[in-house]
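# Coordinate inspection notes
Residue strings, one per chain:
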Amino acid sequence: IDGYYDERVNEYQSSFNSLVNYTHYTITIPNEYLKPKLSGNYVLQVFDLNTSDKPLITKRFLVSEYKVTTEATVRSLSQPGYFFNDQELEIKLDFSGSDIYDPSQNVKLVILKNYNWKEKIVATKPDKIYNQEITYNNYQLLKFKGGNEFYSFTTKHIQTAIGNIMNIDFIDNMYHFQLQPNTDRTFKDYIYEPDINGRFKIDADNVTDPATEADYVYVYFALQMEIPAQGDVYVFGGLTNYGFSNENKMVYNFEQKVYECRLLLKQGYYNYQYV
């Protein structure tokens, strides 16, 4: 990078007219103190000056250069036995006009599923080369589990329970959103429902700037299962930074036969799934 590896986050605002007081920090990259020189993979870590040995936030991001024309096709897997579960990919890269030398040897393809680094495919060799176009279509490698659409909910409305919100309570000067219980969809048919692929958007009713005026609320998740799963179960997606921690780990309620979890989230529209 050009600049400093360590820099204070100097842009911040106090919350306005919210029940939960908080400070909203913002950092923009590149800025006058920190500018990436090269395209590639980066990690941003944020520390508290008082506990500088452990990061508060760790976030991956990419700096990209659009040097190559990309064409991708997704379809149901044609191999017997996989048809109803998996999706295969064919990807073509056109290097016409680029300065990349011998792309068949010097290019590595990395594919992420829905922005999730824990589900990725790495292809190091193309399957077909024609002039300046290389094609990856090894369906044994280039396949993902199709999965289902993400669940979704919105907490922007605090007066009315809509969508997947079962009820809203106001306890100890905070709002508590109880979601409709979900059921295990592992062996159920796929149902189409538009989503935002695991991400979220901060939003609230009747505010000018959601970044500083949206409130923090408790959201209660419930996954009904007759018997506990073989491993641990987590609430997963952008709302948990695609990670696994004690905060988003669900606890099985043997009396109710349901997995339960509570998360403190800023008001907005969220996608999530269970992993």
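Up top is the structure.
Figured I'd write up the structure that's included with this text. The structure displayed is predicted, hence computed values, not measured ones. (Residues numbered from 1 in each chain as written. Predicted model: local features only at pLDDT ≥ 70, side-chain atom pairs only at ≥ 80, totals over all residues. Heavy atoms only, no water.)

### Observations regarding the overall build of the chain
The criterion, for reference: Every helix listed is a DSSP run of H or I at least four residues long, and every strand listed is a run of E at least two residues long, numbered separately from the N terminus. Any residue under 20% of the maximum accessible area for its type is buried, any over 50% is exposed, and the rest in between are partly exposed; the area is computed with a 1.4 Å probe on protein chains only. Only heavy atoms enter the contact rule, under which two residues are in contact if any of them lie within 4.5 Å. Reported accessibility uses the Shrake-Rupley method at a 1.4 Å probe radius. Residues are deemed covered only where the shown protein chains occlude them. Charge assignment: positive for Lys and Arg, negative for Asp and Glu; neither His nor the chain ends contribute. Here the site of a charge means NZ on Lys, CZ on Arg, CG on Asp, or CD on Glu.
Scanning the chain for helices and strands turns up two helices and 23 strands. Seen through its principal axes, the chain has C-alpha atoms that stretch 65 × 55 × 35 Å. Across the 275 residues of the chain, 31% fall into the buried class. A fraction of 62% describes how many contacts in the chain between residues 6 or more apart in sequence connect residues 24 or more apart. When the accessible surface of the chain is summed, it comes to about 18,400 Å², and 49% of that surface belongs to carbon and sulfur atoms. Each charge sign in the chain was given a centre, from 26 positive and 35 negative side chains, and these centres are 5 Å apart.

### Quick word on the nonpolar core
Quick note on the threshold: To qualify as a nonpolar core, a set must consist of buried Ala, Val, Leu, Ile, Met, Phe, Trp, Tyr and Cys residues joined through side-chain atoms within 4.5 Å.
Ranked by internal contacts, the top residues of the largest apolar core, which has 23 residues, are Phe153, Phe221, Val235, Met250, Tyr272 and Tyr274. When residues of this core are traced back to their parent elements, those giving at least two are strand S14 (151-154), strand S16 (174-179), strand S19 (216-224), strand S22 (258-266) and strand S23 (268-274). Each residue touching Tyr274, except ones within four places of it in the same chain, is listed here: Tyr151, Asn182, Phe221, Ala222, Leu223, Val233, Tyr234, Val235 and Met250. In this structure, Ile111, Ile121, Ile134 and Tyr136 belong to the second largest nonpolar core, which totals 13 residues.

### Focus: the pairing of strand S15 (residues 165-171)
Which entries qualify depends on this criterion: In short, DSSP must find at least two bridges between two strands for them to pair.
Summarising the sheet, S15 and S16 pair through six bridges and their orientation is antiparallel. Bridging from a neighbouring strand, Asn167 pairs with Gln178 of S16. A loop of two residues connects S15 with S16, the two strands running antiparallel in sequence, and Asp172 in this loop sits at a positive phi of about 50 degrees.

### A look at the packing of aromatic side chains
Threshold: Pairing of aromatic side chains requires ring centres within 6.5 Å, counting the rings of Phe and Tyr and the six-membered ring of Trp. Pairs whose planes differ by under 30 degrees are stacked, by over 60 edge-to-face, and all others tilted. Criterion for a charge above a ring: Lys NZ or Arg CZ within 6 Å of the ring centre, and within 35 degrees of the ring normal.
Scanning the model with the defined rule gives 17 aromatic pairs in all. A network of ring pairs unites the aromatic residues Tyr151, Phe153, Phe200, Phe221, Tyr270, Tyr272 and Tyr274 as a single cluster. Stacked on the ring of Trp117, the Lys or Arg Arg60 has its end atom at 4.5 Å from the ring centre. Sitting over the face of the ring of Tyr151, Arg185 holds its NZ or CZ atom 3.9 Å from the ring centroid.

### As for the pattern of salt bridges
Test applied: For this analysis, a salt bridge means a side-chain nitrogen from Lys or Arg found within 4 Å of a carboxyl oxygen belonging to Asp or Glu.
A full pass over the atoms with the stated rule returns 11 salt bridges. With a shortest N-O distance of 3.8 Å, Asp2 and Lys37 are connected by a salt bridge. In this pair, Asp2 sits in strand S1 (residues 2-3) while Lys37 sits in the loop between strand S4 (34-35) and strand S5 (40-46), placing the two residues 35 residues apart along the sequence. Relative accessible area serves as the criterion here: at 44%, Asp2 is assigned to the partly exposed category.

### Details of the environment of Ala204
Relative to the helices and strands, Ala204 resides in the loop between strand S18 (200-202) and helix H2 (210-213). In sequence terms Ala204 and Ala214 are 10 residues apart; their C-alpha atoms lie 5.5 Å from each other. In contact with Ala204, not counting residues within four places along its chain, are Lys156, Pro210, Ala214 and Gln267.

### Details of the environment of Pro126
Looking at the secondary structure, you find Pro126 in the loop between strand S10 (116-123) and strand S11 (128-130). Residue classification places Pro126 among the buried residues on the basis of a relative accessible area of 16%. Residues Pro126 and Ser39, 87 residues apart in the sequence, show an inter-C-alpha distance of 22 Å. Those residues in contact with Pro126, other than ones at most four positions away along the chain, are Ser104, Ile134, Thr135 and Tyr136.

### A short note on unusual backbone geometry
Omega for the peptide link from Ile29 to Pro30 comes to 0 degrees, which places this bond in the cis form. Along the chain, Pro30 falls in the loop between strand S3 (23-26) and S4. With a phi angle near 65 degrees, Asn173 is a residue other than glycine that sits in the positive phi range. For Asn173, a relative accessible area of 42% gives the class partly exposed. A positive phi is found at Asn241, a non-glycine position, where the angle reads about 55 degrees. Among the structural elements, Asn241 can be located in the loop between strand S20 (235-236) and strand S21 (251-253).

### Examining the side chain of Ser15
What counts is decided by this rule: Contacts described as polar in this section are N or O atom pairs within 3.5 Å, which, within protein, must combine one atom able to donate a hydrogen with one able to accept it, while residues neighboring in sequence count only if both atoms come from side chains.
For Ser15, the location among the structural elements is in the loop between strand S2 (11-14) and S3. Within the local environment of Ser15, its side chain forms a polar contact with the side chain of Ser18, the two groups lying 3.1 Å apart. Apart from the residues within four sequence positions on either side, Ser15 is in contact with Val20, Asn21, Tyr22 and Thr212.

### A few points about the environment of Thr51
Here Thr51 lies in the loop between S5 and strand S6 (57-63). Distance in space between the C-alpha atoms of Thr51 and Asp232 is 30 Å, their sequence separation being 181 residues.

### Observations regarding the pairing of S16
Within S16, five of the six residues are buried, which leaves it mostly tucked inside the rest of the structure. Sheet topology note: the S16/S19 ladder contains three bridges and is parallel. Its bridge partner being in S19, Phe177 is matched across the sheet by Val219.

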